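Per-entry structural report
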Amino acid sequence: MITLNNTEMYQSYAIGIDVGGSSLKCGVVNHHGEILYSTIISLKNAKTQGAIIALIVEAIQTCAKKFKNPILGVGIGFPGIIYNNKIIAGADNLPGFKQLALGEILQDVTRYNIVMDNDANLMGLGEMTYGAAKDCSDVVFLTVGTGIGGAVMIDSKLYGGFRNRGTELGHIVVQHNGIACACGGKGCLEAYASVTALLNHYQFIHPALSEMENIDGKYIVEKYLAGEEYAVKAMELHFDYLATGIISFINIFSPQKIVIGGGISEAGAFYSREIERRIKTLAVPITSTDSLVVSAKLGNKAGLLGCAAHVFQKFKAFDYAPK
Ligand SMILES: [Zn+2]
């Protein structure tokens, strides 16, 4: 049991559970965004929907036991389409989780307030509340990795479209009749600007590399910084396509910040600078005046902090916090 001093007693606490394909990242967070306790639970041996739910319940109870103070609620980040605390369709790598009112189940078992949303949405909310876009109300968040995910925050709130099925930022079309995408569409931003696309392109143009060779984004970034011809070519195209997508987001939303997360965005300041340089010449000038491109700050804590931020936002923690 962790004991709290007087100041901490008046703080609000939330439990965050960030559900990934292979593990649960769980923790207790105060409304300042400080993680007071965290742990990772492996899903390796959880083969069924029921087993995973049991582990989520256990995670909530473990977190709650660490604190005497009341917990305002539990925020859950889950991969897939989530609407009204219900999983409409979960990620392919988790068994089951279709048309499942998980929020209601967890509320009945744990007696805590539950609030759920898509995991990428909550990473965006985390960055807006506690990270790279802390001072902003209008933000576009992108994760660039194997695929491209993202979130849109308008007036400090997540925007999800009708029944929370929108903001599939990786699937805006940047090339008519282009490369086939995992979503079933063609010419999506993800098919051109994800790290997967970057790797494919580099291996395709590099004369001495076979497709079997095991390289990653970090390798290409190192070669790019060293000025290797093929890496420069592949990265330039990566920046061009990513900027093309981001220009559309700027022209629609005019965000204060475009926050880019995922391993590759942490490669260095040159990454956001290269994208920003392209944007300044191509976006509608009036929409992009105040738009800055920045790297995400919270790394792999963004999801957990976003889960907690969602609880504080939903259950209005700040109303009874002392001034
Ligand atoms: Zn797509």
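Residues numbered from 1 in each chain as written. Predicted model: local features only at pLDDT ≥ 70, side-chain atom pairs only at ≥ 80, totals over all residues.

It is worth spelling out the overall build of the chain at this point. Scanning the chain for helices and strands turns up 11 helices and 13 strands. Relative to its length of 323 residues, the chain is compact, with a C-alpha radius of gyration of 21 Å against a globular reference of 20 Å. For the chain, the C-alpha atoms occupy an extent of roughly 60 × 45 × 40 Å along the three principal directions. Out of the 323 residues belonging to the chain, those deemed buried represent 41%. Considering only contacts within the chain whose residues lie at least 6 apart along the sequence, 64% involve residues at least 24 apart. (Helix = DSSP H or I, 4+ residues; strand = E, 2+ residues; numbered from the N terminus. Rg over C-alpha atoms; globule rule 2.2 N^0.38 Å. Buried ≥ 20, exposed ≤ 12 C-beta atoms within 10 Å, placed from the backbone. Contact = placed C-beta atoms within 7 Å.)

It is worth spelling out the sheet that holds strand β1 (residues 13-19) at this point. The pairing of strands in a sheet comes from backbone hydrogen bonds and takes either a parallel or an antiparallel form. Strand order in the open sheet formed by 5 strands is β3-β2-β1-β4-β8, with mixed pairing between adjacent strands. Either end of the sheet is taken by a strand with one partner, and the two such strands are β3 (35-42) and β8 (114-118). Recorded for the sheet is a direction-independent mean angle of 15° between the axes of neighbouring strands. Direction of pairing for strand β4 (residues 71-78) relative to β8: parallel, over a ladder of 5 bridges. Bridged to Phe-78 within β8 is Asn-118. Sheet strands touched by helix α3 (residues 102-110): β4 and β8. Its angle to β8, the strand with the most contacts, is close to 150°. Of the strands in this sheet, β1, β2 (23-30), β3, β4 and β8 touch helix α11 (residues 302-314), which is tilted by about 130° from β4. (Pairing = 2+ DSSP bridges. Axes fitted to C-alpha atoms, helices over the stretch in contact; angles between N-to-C directions.)

With 6 of 6 residues buried, strand β9 (residues 139-144) lies mostly within the body of the structure. Residues Val-139, Phe-141 and Thr-143 of β9 are buried on one face, and the alternating residues Val-140, Leu-142 and Val-144, pointing to the opposite face, are buried as well. Judged from the 6 bridges that link them, β9 and strand β10 (residues 148-154) form a sheet pairing that is antiparallel. Each bridged residue has a counterpart across the sheet, and for Val-144 the counterpart in β10 is Ile-148. Adjacent in sequence and paired antiparallel, β9 and β10 are bridged by 3 residues. Sheet topology note: the β9/strand β12 (residues 257-261) ladder contains 5 bridges and is parallel. Note on β12: the bridge partner recorded for Phe-141 is Val-259.

This part is about helix α8 (residues 229-253). When the terminal C-alpha atoms of α8 are compared, their 36 Å separation across 25 residues agrees well with the 36 Å that a helix rising 1.5 Å per residue should span. Looking only at α8, the buried set comprises Ala-231, Ala-234, Met-235, His-238, Tyr-241, Leu-242, Ala-243, Gly-245, Ile-246, Ile-247, Phe-249 and Ile-250. (Expected span 1.5 Å × (residues − 1).)

This brings us to the packing of α8 against helix α9 (residues 269-282). Here α8 crosses α9 at 55°, and the two axes come no closer than 9 Å. In this view, α8 runs oblique relative to α9, as classed from their interaxial angle. Between α8 and α9 lies a crossing of right-handed hand. Counting all contacts with α8, which are made through Phe-239, Asp-240, Leu-242, Ala-243, Ile-246, Ile-247 and Ile-250, the residues of α9 involved are Glu-274, Ile-275, Arg-278, Ile-279 and Leu-282. For the contact of α8 with α9, a count of residues per class yields 9 nonpolar, no polar and 3 charged. (Parallel < 35°, antiparallel > 145°, perpendicular 65-115°, else oblique. Left-handed = near helix turned anticlockwise from the far one by under 90°. Nonpolar A, V, L, I, M, F, W, Y, C, P; charged D, E, K, R; others polar.)

Reading across from one edge, β5-β6-β7 is the order of the 3 strands in this open sheet, with antiparallel pairing throughout. One side of each edge strand has no neighbouring strand; the edge strands of this open sheet are β5 (80-83) and β7 (98-100). Strand-to-strand, the axes of this sheet are offset by a mean angle of 15°, without reference to chain direction.

Turning our eyes to something else, we now look at helix α2 (residues 49-65). A rise of 1.5 Å per residue sets the reference length of α2, with its 17 residues, at 24 Å; its end C-alpha atoms lie 25 Å apart and thus fit the reference within 8%. Turning to α2, its buried residues number three or more, namely Ile-52, Leu-55, Ile-56, Ala-59, Ile-60 and Cys-63. Down the axis, α2 shows its buried residues gathered within 140° of arc, on one side only. Seen from the open side of α2, the exposed residues pointing more than 90 degrees away from its buried face are Gly-50 and Lys-65. Elements in contact with the buried residues of α2: β1, β2, β3, β4 and α3. (Arc of directions from axis to C-beta.)

Two numbers describe a pair of packed helices, the interaxial angle and the distance between the axes. Where helix α6 (residues 195-205) meets α8, the axes come as close as 9 Å, and the angle between the chain directions of the two elements is 145°. Seen along the crossing, α6 lies across α8 with a hand that is right-handed. Each of Leu-198, His-201, Tyr-202 and Ile-205 in α6 lies in contact with α8, whose residues at this interface are Tyr-230, Ala-231, Lys-233, Ala-234, Leu-237 and His-238. Its residues assigned to classes, the contact of α6 with α8 shows 7 nonpolar, 2 polar and 1 charged.

The subject of this paragraph is the confidence of the model for the chain. On average, the chain scores 91 in pLDDT, and the residues at 70 or more come to 94%. The low-confidence segment residues 319-323 (pLDDT under 50) makes 4 contacts with residues lying over four places distant or belonging to another chain. (pLDDT = per-residue confidence, 0-100.)

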